[in-house]
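Here are the chains, one letter per residue:
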Amino acid sequence: MSLQKVKTCLICLAALLLCGCGQALSEREIVRAVFFARQGGQYSVCLLLADQNAEGDGVHYKTAAARGRTAAQALHHAEDTLPGQLYYGLLDLAALPAGCDWAEAQTLGNLLYDKAQPAPELSVFVLDNAPTRSWANDAATLYEDMKAIETEYDLHCGLQQLFIQADGCAVPGYRPDSGYDFCLLAKNRPAQRVTGLSAQLAAVLCGQTDRIFTAFAGGQAVCDVKTNVTVEDTVVQLHLRDAKFQALGEAQADCPALFCEELRQAFAALTADNTADFFHLQFWHANLYGADSTLPEATLEIYFE
């Protein structure tokens, strides 16, 4: 066989591999999101898929859902309801069950890693405690809402962030109203779900956003500010720039002072339990003074720039 024919055969083989052994992308079931929930003592899994046969303009979705004793079984059953070969290469969002703890996040994260490769931009949320959902009616809305939260709040938690620490992980929590919650999942401890300014500060400290955009002072004021974090031992320096404060109604309070006070209160609550090193403070302290050194109380310094 000539060299030219060998090259042609190799190109054809590569093309077949890239398109799924001859199956065009348009003929496959393209998964965009996976939702995990617990219902009736079982796992419920919903696959949100691109509906490539829908008529009309715009993006259209369809769903496949099933239950099982385990998440893996429920996912397998959902996949079996579909006639075409599944394609996870465009998967970009996964939602963990409400009340998810560290061990469950690890299990589901590993399951997703096996399915999602190569999907490096996969985002992760934890669902809210809504009543039993109708996936056919709710899945597309949940997907669009979570993607909108990411855009509006400059927020992103990737799948790899479930595994970067051995003692815990931190994941945004979905809320059906404005804003987002934040879930701190420590190994061998109950999950902690925080809301409001505490949730947004936690996301900043975890490196999942560089923006705080939330109401404070009992809902009487709003702040939108860009952030940057530097750390010296256990002293966290929060740099705020381009801060925009707005007092609501007739309230004429000192917004910056109230905002800083609530930030300090939120920081104290978030760092009161050092079971897991969510904000890497133990890591930095151990690098300076050794693994066996006692971790001092963390403090927050706030700078407006």
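Data block above holds the structure.
This write-up is about the structure you can find in this document. Bear in mind the structure is a predicted one, so any value in this text is a computation, not a measurement.

**Examining unusual backbone geometry**
Okay, so step 1: In this model, Asp154 sits at a positive phi of 50°, which is unusual for a non-glycine residue.
Okay, so step 2: Here Asp154 shows up in the loop between helix H4 (135-152) and strand S7 (168-173).
Okay, so step 3: Note on Asp154: relative accessible area 33%, which makes it partly exposed.
Okay, so step 4: The phi torsion at His280 lies on the positive side, around 65°, for a residue other than glycine.

**Section: the packing of aromatic side chains**
Okay, so step 1: Per the stated rule, a full pass over the model turns up 10 aromatic pairs.
Okay, so step 2: Seen from their ring centres, Phe35 and Trp135 are 5.7 Å apart, and the 25° between their planes marks the pair as stacked. One end of the pair, Phe35, is in strand S1 (residues 29-39); the other, Trp135, is in helix H4, and 100 residues separate them in sequence.
Okay, so step 3: Their ring planes at 70° and their centres at 5.6 Å tell us that Tyr61 and Tyr143 sit as a pair that is edge-to-face.

**Thoughts on the packing of helix H2 (residues 71-80) against helix H3 (residues 102-116)**
Okay, so step 1: Two elements in contact, H2 and H3, have axes whose closest approach is 10 Å; the angle formed by their N-to-C orientations is 35°. Packed against H2, whose contacting residues are Ala71, Ala72, Leu75 and Glu79, the element H3 presents Leu108, Leu111 and Lys115 at the interface.
Okay, so step 2: Among the residues forming the contact of H2 with H3, the class breakdown is 5 nonpolar, no polar and 2 charged.

**Here's the deal with the nonpolar core**
Okay, so step 1: In terms of nonpolar packing, the biggest core is built from 54 residues, with Phe35, Met146, Phe182, Phe259 and Leu263 touching the most fellow members.
Okay, so step 2: Discounting chain neighbours no more than four positions away, the residues touching Met146 are Phe35, Leu93, Ala95, Phe125, Leu127 and Tyr174.

**Remarks on the sheet that holds strand S12 (residues 235-247)**
Okay, so step 1: Taken in spatial order, the 4 strands line up as S10-S11-S12-S13 in an open sheet, and their pairing is mixed. Of all strands in the sheet, those with a lone pairing partner are strand S10 (211-216) and strand S13 (299-304), marking the two edges. Put simply, the sheet's adjacent strands are angled 35° from each other on average, direction ignored.
Okay, so step 2: Note: S10 against strand S11 (residues 221-232), 6 bridges, orientation antiparallel.

**Side note on the layout of surface pockets**
Okay, so step 1: Estimates place the volume of the largest pocket at around 260 Å³.
Okay, so step 2: At the level of secondary structure, the elements contributing two or more residues to the lining of the largest pocket comprise helix H6 (255-270) and helix H7 (281-289).
Okay, so step 3: Sort the elements by how many residues they give to the lining of the largest pocket and H6 lands first, with 4 residues.
Okay, so step 4: Residues that form the lining of the largest pocket fall into these classes: 11 nonpolar, 5 polar and 4 charged.
Okay, so step 5: The calculated volume of the second largest pocket comes to roughly 170 Å³.

**Things to note about the pattern of salt bridges**
Okay, so step 1: Applying the stated criterion to the full structure yields 14 salt bridges.
Okay, so step 2: Across the salt bridge formed by Glu104 and Arg38, the nearest N and O atoms sit 2.4 Å from each other. With Glu104 in helix H3 and Arg38 in strand S1, the pair connects residues that are 66 residues apart, well separated along the chain.
Okay, so step 3: Taking the relative accessible area as the measure of exposure, Glu104 reaches 12% and is therefore buried.
Okay, so step 4: The closest approach of N and O atoms between Asp224 and Arg211, which form a salt bridge, is 2.9 Å. With Asp224 in strand S11 and Arg211 in strand S10, this residue pair connects regions lying 13 residues apart in the sequence. When sorted by exposure, Asp224 lands in the same class as Arg211, which is buried.

Conventions and cut-offs
Residues numbered from 1 in each chain as written. Predicted model: local features only at pLDDT ≥ 70, side-chain atom pairs only at ≥ 80, totals over all residues. Heavy atoms only, no water. Helix = DSSP H or I, 4+ residues; strand = E, 2+ residues; numbered from the N terminus. Buried < 20%, exposed > 50% of the residue type's maximum accessible area, 1.4 Å probe, protein only. Phe/Tyr/Trp six-rings, centres within 6.5 Å; stacked < 30°, edge-to-face > 60°. Axes fitted to C-alpha atoms, helices over the stretch in contact; angles between N-to-C directions. Contact = heavy atoms within 4.5 Å. Nonpolar A, V, L, I, M, F, W, Y, C, P; charged D, E, K, R; others polar. Core = buried A, V, L, I, M, F, W, Y, C linked by side-chain atoms within 4.5 Å. Pairing = 2+ DSSP bridges. 1 Å grid on protein atoms, 1.4 Å probe; cavity = no way out; pocket = protein on both sides within 12 Å on 5 of 7 lines; lining within 4 Å. Points joined across faces, edges and corners; volume = space filled by probe spheres on them. Salt bridge = Lys/Arg side-chain N within 4 Å of Asp/Glu carboxyl O.

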